[in-house]
Amino acid sequence: MELSPAPASVGRWADLPEDIALTVASRLQEADVCALGGCSRSWRTACDTDCIWERLFRCRWPAAAAEAAVASRVQGWKAVYINQHRRMAIAISNVVEFVERCLNSGSLESEYYLKAIADLALIADIGFLDVQFFLFSRNHGAIINLIGLHYSIASLHVPPTEVSKALQARQVAGRKVCVNLLKLGRWFYGFRLPDEHESRKISLSELAMSEGAETLAILNRGAVHEVFRLRISLADIDK
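Okay, so let's go over this structure. This is a predicted model, so every value here is computed, not measured. (Residues numbered from 1 in each chain as written. Predicted model: local features only at pLDDT ≥ 70, side-chain atom pairs only at ≥ 80, totals over all residues. Heavy atoms only, no water.)

Its identity is not glycine, yet Ser-105 carries a phi of approximately 55°, on the positive side. Within the secondary structure layout, Ser-105 lies in the loop between helix H6 (77-102) and strand S1 (107-109). Phi is positive for Asp-125, which is not a glycine, with a value near 70°. Along the chain, the position of Asp-125 falls in the loop between helix H7 (110-121) and helix H8 (128-134). Since its relative accessible area comes to 32%, Asp-125 is described here as partly exposed. (Helix = DSSP H or I, 4+ residues; strand = E, 2+ residues; numbered from the N terminus. Buried < 20%, exposed > 50% of the residue type's maximum accessible area, 1.4 Å probe, protein only.)

Our focus in this paragraph is helix H10 (residues 160-169). Within the sequence span of H10, burial applies to Val-163, Ser-164, Ala-166 and Leu-167. Buried residues of H10 fall within an arc of 160° about the axis and therefore sit on the same side. Seen from the open side of H10, the exposed residues pointing more than 90 degrees away from its buried face are Thr-161, Lys-165, Gln-168 and Ala-169. The positive-phi residue at the C-terminal boundary of H10 is Gln-171, with phi of around 60°. (Arc of directions from axis to C-beta.)

Our focus in this paragraph is H6. With 26 residues, H6 ought to run about 38 Å at 1.5 Å a step, and its terminal C-alpha atoms sit 38 Å apart, in line with that. All of the buried residues in H6 are Trp-77, Val-80, Tyr-81, Gln-84, Met-88, Ile-92, Val-95, Val-96, Phe-98, Val-99 and Cys-102. (Expected span 1.5 Å × (residues − 1).)

So, on to the pattern of salt bridges. One pass over the structure, following the stated rule, counts six salt bridges. Across the pair Arg-58 and Glu-54 runs a salt bridge, and its minimum N-O distance is 2.9 Å. Here Arg-58 and its partner Glu-54 are both found in helix H4 (residues 50-60), four residues apart, which amounts to about one turn of the helix. Exposure remark for Glu-54: the relative accessible area of 26% places this residue in the partly exposed category. Note that Asp-119 and Lys-115 form a salt bridge whose closest N and O atoms lie 2.8 Å from each other. Of this pair, Asp-119 and Lys-115 both sit in helix H7, four residues apart, which is roughly one turn of the helix. The class of Lys-115 is partly exposed, set by a relative accessible area of 39%. (Salt bridge = Lys/Arg side-chain N within 4 Å of Asp/Glu carboxyl O.)

Now the structure itself:
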């Protein structure tokens, strides 16, 4: 009678040594760490470790790390991270709500657009990951996405290529906006020339490339002496 070989022992992820589990978890981003921690009790222990959340905090909010280190001695790094995330969510949602209140039939005047960007700059420790979490969301319209794009390039100095990748990852790169300009006619030998209307439809991905630099520069100037009115709207509802 021929004996069948004994089945090979199959290892389980949950049986990994602690140092290896920590190495795996330390290579993940926030959402992945949380998902992995829900797989088993041993993974939850590894993913709740201070060193994991300290790394995530320092990567996302480096300027706030020193103050956070003091709080972590009492609360632990995961709790400190969650509290900071919630503070960012509240602060940025206030800006989003302001923009939504100022929208008029889907259009936003330049003064409100620029105020939203200025208000973002007043939020302490805001970084590019915060923009991705809260402003590049598909739950928001293209104008909110545009404000996040503009703020990232102009204020956070994130390379446009990185902004473009983030837009692609959040599946909002193809969204389009329409930038409408009204230029008052110049005076010429005592006569005032007709006003000029200009409309530019452009996608968020194009705005993050070299061809979008001129449009971003116009948005950054807002309504000035040569541009009487500047308005941003969704391309699909613009007339």
